[in-house]
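What the coordinates show
Here is what each chain is made of, one letter per residue.
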Amino acid sequence: MHLVYVTSALPFSFEETFIVPEILELQRRGHRVTVIPIRPRRAVIHEDARRLTDSTIAKPVLSPAILGHALAEIVRAPTLALRSAWLMATSRNIRVLLKNLAVFPKGLWLARIARQQGVDHIHAHFASTSGTVALIAGFISGIPWSFTAHRWDISENNLLDKKAQAAKFARAIDARGGQELATFAGAHRHKVRVIHMGVALPPPSSRKEGRPRGPLRVLLGARFDEFKGHRYAVEAVARLKAAGVHVSLQCAGDGPLRAAVEKYAGALDLLDRVQFSGFIDHQELLTKLQEHRWDVALLPSVETSESREGIPVFLIEAMAAVVPVIATDTGGISELLNGGAGVLIPQQDAKAIAEVLARLAADSDLRRELADAGVRRVRDQFTIESTVSALLDEISAA
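In this text, all values refer to a predicted model and were calculated from it rather than measured experimentally. (Residues numbered from 1 in each chain as written. Predicted model: local features only at pLDDT ≥ 70, side-chain atom pairs only at ≥ 80, totals over all residues. Heavy atoms only, no water.)

**Some words on the sheet that holds strand β8 (residues 247-252)**
- One open sheet holds the 6 strands; their spatial order is β9-β8-β7-β10-β11-β12, and the pairing between them is parallel. Either end of the sheet is taken by a strand with one partner, and the two such strands are β9 (274-278) and β12 (343-345). Strand-to-strand twist across the sheet, computed as the mean angle between neighbouring axes with direction ignored, equals 25°. (Pairing = 2+ DSSP bridges. Helix = DSSP H or I, 4+ residues; strand = E, 2+ residues; numbered from the N terminus. Axes fitted to C-alpha atoms, helices over the stretch in contact; angles between N-to-C directions.)

Given below as structure tokens:
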């Protein structure tokens, strides 16, 4: 099959690396995948995404060429174009409407490109404007399409009822997200499918677990946003320092709250124990996880009025590398860690984080038990082979 993947910016993206294994697995199985980023940047950020550049059509969200193709589609199918424009007009508020109108020409352009190239199916990652482009392209071209909704793009509710009606299926990456998506889909809730994001399993580890040399090494890999809860991890390290438990925390990533979190760590006199490493290339991060540069992976997420977690791929990648994980019981995380596959803690609770880290620092058997349970969970439910098979079943049925 010839598939189109509509993305936000991948392969020119900081944050969409979790899509890369899915596309590579589809290509490995002999399918042609063309990647269409809505707003491509100038350079590839992560090295593993570079493998997608030869199959990417990188056009700006708006250009004379985009407008020319869009106009040609309007002339070819004026009634369909008018009906798709009316769909945009039903956006639930002016902000969502303006976002959809901004990508409307690119949706028309994609309809023309997809018809000319004989595309069999269009799939969008994220139900926001990526989903809007796929909706327009599928509506105008008649090519079947679908979308994957993750987390914030569900609560945003950008034409989700219309998209669920027009799409062949709507994918959520966790059960809670599936329930929320089904609510917005209304009469078309039967089209919602829960298909996890998967990861490639690294080769079996030959590591011999023992008591960590020096401090317990903890990795927090996440963008510095409010809902990632960095300050609770920093506060937990402060509690451990006061109790005489030596734990080092490495925060990998960047984002709008990084400076504030660094200032907070400095105010607590923790800059000797909390490291802010900034951006780390995704493949480098995976390699270091597999080399066990860290003893524990931590994600202290919180739910806010605007965002929540799905099932964070950072945690799945750590578990696949046989690294024990700790995370808050928010979003879809319990679906990943329940049954002892990791340690679930309450959100906004630095004391709970500190208590679990102290236990893990002192108990190598517990670390090994959690690590083994985590990799079993990934092998059972989150391998890229199994998730892509489930996705292909839905695409083939469409």
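**Overview of unusual backbone geometry**
- A cis amide bond links L10 with the next residue in sequence, P11, at an omega value of 10°.
- Positive phi is not limited to glycine here, since L159 has a value of about 55°.

**Things to note about the pairing of strand β11 (residues 325-328)**
- Of the two faces of β11, both are covered, the one formed by V325 and A327 as well as the one formed by I326 and T328.
- Here 3 bridges tie strand β10 (residues 296-299) to β11, and the two strands are oriented parallel to one another. Looking at β11, one finds that L299 is bridged to A327.
- Taken together, β10, helix α12 (residues 313-320) and β11 constitute a β-α-β crossover, and its handedness is right-handed. (Buried < 20%, exposed > 50% of the residue type's maximum accessible area, 1.4 Å probe, protein only. Right-handed = clockwise from strand over helix to strand, strands pointing away.)

**Quick notes on the layout of surface pockets**
- For the second largest pocket, the calculated volume is near 410 Å³.
- If you trace the second largest pocket, you find 20 residues lining it, with P21, V199, A200, Q283 and L286 closest to the centre.
- Of all the secondary-structure elements, those providing two or more residues to the lining of the second largest pocket are α1 (20-28), α11 (282-290), α12 and α16 (384-397). (1 Å grid on protein atoms, 1.4 Å probe; cavity = no way out; pocket = protein on both sides within 12 Å on 5 of 7 lines; lining within 4 Å. Points joined across faces, edges and corners; volume = space filled by probe spheres on them.)

**Some details on the sheet that holds strand β5 (residues 169-172)**
- The sheet built from 6 strands is open, its strands ordered β2-β1-β3-β4-β5-β6 with parallel pairing. With one partner strand each, in any of the chains shown, β2 (32-37) and β6 (192-194) form the two edges of the open sheet. Put simply, the sheet's adjacent strands are angled 25° from each other on average, direction ignored.
- Relative to β5, strand β4 (residues 145-149) is paired through 4 bridges, and the arrangement is parallel. Among the inter-strand pairings, F147 is bridged to a residue of β5, identified as A170.
- Against the sheet, helix α5 (residues 129-141) makes contact with β1 (2-7), β3 (121-125) and β4, and its axis sits at roughly 165° relative to β3, the strand it touches most.
- Sitting on the sheet, helix α8 (residues 175-185) touches β4, β5 and β6, and the angle it makes with β6 is about 175°. (Contact = heavy atoms within 4.5 Å.)

**Focus on α1**
- Among the residues of α1, V20, E22, I23, L24, E25 and L26 are the ones counted as buried.
- On its buried face, α1 is in contact with β1, β2, β3, β5 and α16.
- Among the residues trailing α1, G30 stands out with phi positive, at a value near 95°.

**So, helix α10 (residues 258-267)**
- Those residues of α10 that sit buried are R258, V261 and A265. For α10, the angular spread of buried residues about the axis comes to 70°, placing them on one side. Exposed and oriented more than 90 degrees from the buried face of α10 are A259, K263 and A267.
- In this fold, the buried residues of α10 make contact with α9 (230-242) and β9.
- Positive phi appears at D269, one or two residues downstream of α10, with a value of about 60°. (Arc of directions from axis to C-beta.)

**A look at the environment of F139**
- Structurally, F139 can be placed in helix α5.
- As a C-alpha pair, F139 and A166 span 27 residues in sequence and 7.6 Å in three-dimensional space.
- Non-local contacts of F139, meaning those with residues more than four positions away in its chain, are made with L80, R83, S84 and L87.

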